[in-house]
Amino acid sequence: GPNLENPMPPRRFHFQDAKSDKFWEIERDGSTVHVRYGRSGTAGQSKLWTFDTESQAIREYDKRLAEKLREGYAETTTATTRAEPTSSPDSNGN
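Residues numbered from 1 in each chain as written. Predicted model: local features only at pLDDT ≥ 70, side-chain atom pairs only at ≥ 80, totals over all residues. Heavy atoms only, no water.

Visitor: Teacher, can you tell me more about the overall build of the chain here?
Guide: If you tally the helices and strands in the chain, you get one helix and five strands. Burial statistics for the chain: of 94 residues in total, 19% are counted as buried. Once local pairs closer than 6 in sequence are excluded, the contacts in the chain between residues at least 24 apart make up 39%. Working note: accessible area of the chain is about 7,100 Å², and carbon and sulfur atoms make up 48% of it. (Helix = DSSP H or I, 4+ residues; strand = E, 2+ residues; numbered from the N terminus. Buried < 20%, exposed > 50% of the residue type's maximum accessible area, 1.4 Å probe, protein only. Contact = heavy atoms within 4.5 Å. Areas by Shrake-Rupley, 256 points an atom, 1.4 Å probe, with all protein chains shown as cover.)

In structure tokens:
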């Protein structure tokens, strides 16, 4: 089961195009969602949402995550706990 002493690490994303180079990071701790974002290389800004229930926080977390992926952010999380191999066959597609 989940190890409560070791919460999910923040998931980190990066976006780069001709005009911008920025990061976005999200973390959920129980019913709290914490986001950090800004220009790459800076400390960025932080935002914190606290919900009444954990399921509300999970919904918010998933929604914001999906939003960033749609905008073209690529995940750069270096979590060693992730099971999938570092180079998935479709990583260059779409």
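Having put the structure on the table, let's press on.
Visitor: Would you mind going over helix H1 (residues 54-71) with me for this structure?
Guide: Helix length check: H1 (18 residues) gives 26 Å between terminal C-alpha atoms against 26 Å at 1.5 Å per residue, within 8%. Among all positions of H1, only Ala-57, Glu-60, Tyr-61, Leu-65 and Lys-68 are buried. Buried residues of H1, viewed axially, fall in a sector of 130°; they line one side. When the buried face of H1 is taken as reference, the exposed residues oriented beyond 90 degrees from it are Arg-59 and Arg-70. Looking at the buried residues of H1, the elements they touch are strand E1 (11-16), strand E2 (21-29) and strand E3 (32-39). (Expected span 1.5 Å × (residues − 1). Arc of directions from axis to C-beta.)

Visitor: Would you mind going over the nonpolar core with me for this structure?
Guide: As a rule of thumb, nonpolar side chains are buried together in soluble globular proteins. The biggest cluster of nonpolar side chains holds eleven residues, and these are Phe-13, Phe-15, Trp-24, Ile-26, Val-33, Val-35, Phe-51, Ala-57, Tyr-61, Leu-65 and Tyr-73. Looking at this core element by element, the count peaks at three residues for H1. Not counting the four nearest positions on each side in its chain, Phe-13 is found in contact with Lys-22, Phe-23, Trp-24, Leu-65, Leu-69, Tyr-73, Ala-74, Glu-75 and Thr-76. (Core = buried A, V, L, I, M, F, W, Y, C linked by side-chain atoms within 4.5 Å.)

Visitor: How should I be thinking about the pairing of E1 in this particular structure?
Guide: In regular strands, side chains alternate between the two faces of the sheet. Sheet analysis places E1 next to E2, joined by six bridges and oriented antiparallel. Pairing of Arg-12 across the sheet is with Glu-25, part of E2. Taken together, E1 and the strand that follows it, E2, pair antiparallel across an intervening segment of four residues. (Pairing = 2+ DSSP bridges.)

Visitor: I'm lost on the pairing of strand E4 (residues 45-50) in this one. Help?
Guide: As paired elements, E3 and E4 share six bridges and run antiparallel to each other. Opposite Thr-32, over in E4, you have Thr-50 as the bridge partner.

Visitor: Honestly, the sheet that holds E1 in this entry has me stumped. Any pointers?
Guide: Two orientations exist for strands paired in a sheet by backbone hydrogen bonds: parallel and antiparallel. On the basis of which strands lie adjacent, the open sheet formed by five strands has the order E4-E3-E2-E1-E5 and antiparallel pairing. Two strands close off the open sheet at either side, each with one partner strand: E4 and strand E5 (74-75). Direction of pairing for E1 relative to E5: antiparallel, over a ladder of two bridges. Within the sheet, the bridge partner assigned to His-14 lies in E5 and is Ala-74. Its contacts with the sheet place H1 against E1, E2, E3 and E4, and it is angled at close to 165° to E2. (Axes fitted to C-alpha atoms, helices over the stretch in contact; angles between N-to-C directions.)

Such coordinate-based values are descriptive only and should not be taken to indicate function.
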